Amino acid sequence: MARPVLAPTVRHWHAPIDGSSTPLVRPYLTAYERDEKARIQRLRRDILWCATYGVDLDTRDIHARPAVAS
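To keep things clear, this report deals only with the structure shown in the data block.

Further remarks concern the overall build of the protein. Secondary structure assignment for the protein yields one helix and zero strands. The buried share of the protein, taken over its 70 residues, is 1%. Surface exposure of the protein reaches about 7,600 Å², of which carbon and sulfur atoms provide 60%.

Any two side chains of opposite charge can pair, given that their charged atoms come close. Overall, the coordinates contain one salt bridge when judged by the stated rule. R39 is the partner of E36 in a salt bridge, and the nearest nitrogen-oxygen pair spans 2.7 Å. With E36 and R39 both in helix α1 (residues 27-52), this residue pair falls three residues apart, about one helical turn.

What follows covers a nonpolar patch on the surface. On the surface, a nonpolar cluster with roughly 640 Å² of combined accessible area is contributed by L43, I47, W49, Y53, V55 and L57. Position of L43 relative to the elements: it lies in helix α1. Accessibility expressed as a relative area gives 45% for L43, which makes it partly exposed.

Another point: α1. Taking 1.5 Å per residue, 26 residues should reach 38 Å; α1 reaches 38 Å between its end C-alpha atoms and fits that length. Of the residues flanking the end of α1, it is G54, one or two places downstream, whose phi is positive at about 85°.

On to the environment of L57, then. Tracing the sequence through the fold places L57 in the segment after α1. On the basis of relative accessibility, which here comes to 45%, the residue L57 falls in the partly exposed class. For the pair L57 and I47, spaced ten residues apart in sequence, the C-alpha separation works out to 6.6 Å. Ignoring any residue separated from it by four or fewer positions in sequence, one finds L57 in contact with I47 and C50.

About the cut-offs
Residues numbered from 1 in each chain as written. Predicted model: local features only at pLDDT ≥ 70, side-chain atom pairs only at ≥ 80, totals over all residues. Heavy atoms only, no water. Helix = DSSP H or I, 4+ residues; strand = E, 2+ residues; numbered from the N terminus. Buried < 20%, exposed > 50% of the residue type's maximum accessible area, 1.4 Å probe, protein only. Areas by Shrake-Rupley, 256 points an atom, 1.4 Å probe, with all protein chains shown as cover. Salt bridge = Lys/Arg side-chain N within 4 Å of Asp/Glu carboxyl O. Patch = residues over 30% accessible without salt bridge, like charges linked within 9 Å, V, L, I, M, F, W, Y side chains within 5 Å. Expected span 1.5 Å × (residues − 1). Contact = heavy atoms within 4.5 Å.

If you want it as structure tokens, here you go:
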């Protein structure tokens, strides 16, 4: 008895998925990365805008010494 021919969209459960050939591989991940890049760019722009008015949003203390373990 011959095996039935499978449609090209059907994959065996053990066959690996090639992510480069499929445009819809984890679109939520690419959307998150795009939003994260936009958020970081917006933060940089806001920090520079505040710096033009003399507001320093950097909370790091550059003169602090690292804690010495006793």
